[in-house]
Amino acid sequence: SSRIERFLQMCAQDNMIVSRPSTPASYFHLLRRQAYARPRKPLIVFTPKAMLRLRGATSPVEAFTGGRFEPVLDDDRGLDRSAVKRVLVHSGKVHWDLRAELEKNPNPEIALVRLEQYYPAPIEELNAVLDTYPDAELYWVQDEPENQGAWPFIALEVVKHLHGRTIRRVSRAAAASTATGSPKVHAREQAAILEKALTV
């Protein structure tokens, strides 16, 4: 069962690694790190099937032959960091949805920061990136309802380490089910998430 919140509820005392890579190269380096790790801990990887067909979710050969797994990926669009008013912290497939919207309607006031690993929470790496956007509001964006996905973990375990900064949430409303059961309703909710996240 790929219920992110259930695995994150069990995370404590450095007992496992929970990640959600957004590119093939990130996934490759994650598995490579796991293979060499000693002692080796359980590795939970969330990889939605939809990303297999996404043209944007690709990596050049150089990304495989060099580098290493990065638990936090900063925006690579060459933004003026002092002009950024909103940083959208997120993970997984929603990154490509956000990026597609920004390609259609560019906005230099919005930065996209990807969290490739949930646990152990990469606090130092995340703060190192967020501190470069000193005047920006922080938002956590996810596809899942408020009571599901990574948000409960982010709110409980990550926010308290963000150098006194607060982070708001953009997601579907809390729900008992993981999905609406209707493609039209799902698409409408997804569009609302993107609009709210990208409206400064």
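A few points on the structure. Values in this document were obtained by computation on a predicted structure and should not be read as measured data. Residue numbers here run from 1 along each chain, matching the order of that chain's written sequence. The predicted nature of this model means local features are confined to residues of pLDDT at least 70 and side-chain atom pairs, given and counted, to a pLDDT of 80 or more, with totals for whole chains, interfaces and linings taken over all residues. Each side-chain value is derived from all of the structure's non-hydrogen atoms; neither hydrogens nor water enter the calculation.

### Observations regarding the nonpolar core
Spelled out, the test is: Think of a nonpolar core as a cluster: buried Ala, Val, Leu, Ile, Met, Phe, Trp, Tyr and Cys residues, connected wherever their side-chain atoms sit within 4.5 Å. Only protein chains enter the area calculation, which uses a 1.4 Å probe; residues under 20% of their type maximum are buried, those over 50% are exposed, and those in between are partly exposed. In this text, helices come from DSSP runs of H or I with a minimum length of four residues, and strands from runs of E with a minimum of two, each type numbered from the N-terminal end. In this analysis, two residues are considered to be in contact whenever any of their non-hydrogen atoms come within 4.5 Å of each other.
Core analysis: the biggest nonpolar cluster contains 32 residues, and Leu 8, Val 18, Val 87 and Trp 140 have the highest contact counts within it. Broken down by secondary-structure element, the contributors of at least two residues to this core are helix 1 (4-9), strand 4 (86-90), strand 5 (110-115), strand 6 (117-119), helix 5 (123-130), strand 7 (137-145) and helix 6 (151-158). Filtering out sequence-adjacent residues up to four positions away, Val 18 remains in contact with Leu 8, Cys 11, Ile 44, Phe 46, Gln 117, Tyr 118 and Tyr 119. In this structure, Ile 110, Leu 112, Tyr 139 and Leu 198 belong to the second largest nonpolar core, which totals 13 residues.

### Focus: the packing of helix 4 (residues 94-104) against helix 7 (residues 183-198)
Stated precisely, the cut-off is as follows: Every angle, taken between N-to-C directions, lies between 0 and 180 degrees, and every axis is a line fitted to C-alpha atoms, over only the stretch in contact when it is a helix. Left-handed is the label given to a crossing in which the near helix is rotated counterclockwise from the far helix by less than a right angle, and right-handed is the label when the rotation is clockwise. For this classification, Asp, Glu, Lys and Arg are treated as charged, while Ala, Val, Leu, Ile, Met, Phe, Trp, Tyr, Cys and Pro are nonpolar and the rest, including Gly, are polar.
Closest axis-to-axis distance for the helix 4/helix 7 pair is 11 Å, and the angle between their directions is 65°. Seen from above, helix 4 lies across helix 7 with right-handed handedness. Every residue of helix 7 that contacts helix 4 at Val 94, Asp 97, Leu 98, Glu 101 and Leu 102 is listed here: Gln 190, Leu 194, Ala 197 and Leu 198. Looking at the contact of helix 4 with helix 7 residue by residue, the classes come out as six nonpolar, one polar and two charged.

### Remarks on the pattern of salt bridges
To keep things clear, this is the line we draw: Each reported salt bridge corresponds to a side-chain nitrogen of Lys or Arg within 4 Å of a carboxyl oxygen of Asp or Glu.
Using the criterion set out here, one finds 15 salt bridges in the structure. The salt bridge involving Asp 14 is made with Lys 41; its shortest N-O contact spans 2.5 Å. Separated by 27 residues along the polypeptide, Asp 14 in the loop between helix 1 and strand 1 (17-19) and Lys 41 in the loop between helix 2 (24-36) and strand 2 (43-45) bring together distant segments of the chain. Taking the shortest distance from any N to any O, the salt bridge between Asp 97 and Lys 93 comes out at 3.0 Å. Connected through salt bridges with shared partners, the residues Asp 76, Arg 99 and Glu 103 form a single ionic network.

### A short note on the sheet that holds strand 5
Our working definition: Criterion used throughout: strands pair if DSSP finds at least two bridges between them.
Across the sheet, which stays open at both edges, the five strands sit in the order 3-5-4-7-8 with mixed pairing between neighbours. Each edge of the sheet is formed by a strand with only one pairing partner; in this case those strands are strand 3 (72-73) and strand 8 (167-172). Looking at chain direction, strand 3 and strand 5 are connected through two bridges and run antiparallel. Directly across from Leu 73, in strand 5, lies its bridge partner Arg 114. In the packing of helix 7 onto the sheet, contacts are made with strand 4, strand 5, strand 7 and strand 8, and the angle to strand 8 comes to roughly 160°.

### Topic: helix 7
Rules: A helix is expected to span 1.5 Å for every residue after the first. Note that the arc is defined by the directions from the helix axis to the C-beta atoms.
Its 16 residues place the ends of helix 7 22 Å apart at the C-alpha level, agreeing with the 22 Å of an ideal helix rising 1.5 Å per residue. Within helix 7, burial applies to Gln 190, Ile 193, Leu 194, Ala 197 and Leu 198. An end-on view of helix 7 places all buried positions within 110° of arc, on one side of the element. Facing away from the buried side of helix 7 by more than 90 degrees, the exposed set consists of Lys 184, Arg 188, Glu 195 and Lys 196. The inward-facing, buried residues of helix 7 abut strand 4, helix 4, strand 5, strand 7 and strand 8.

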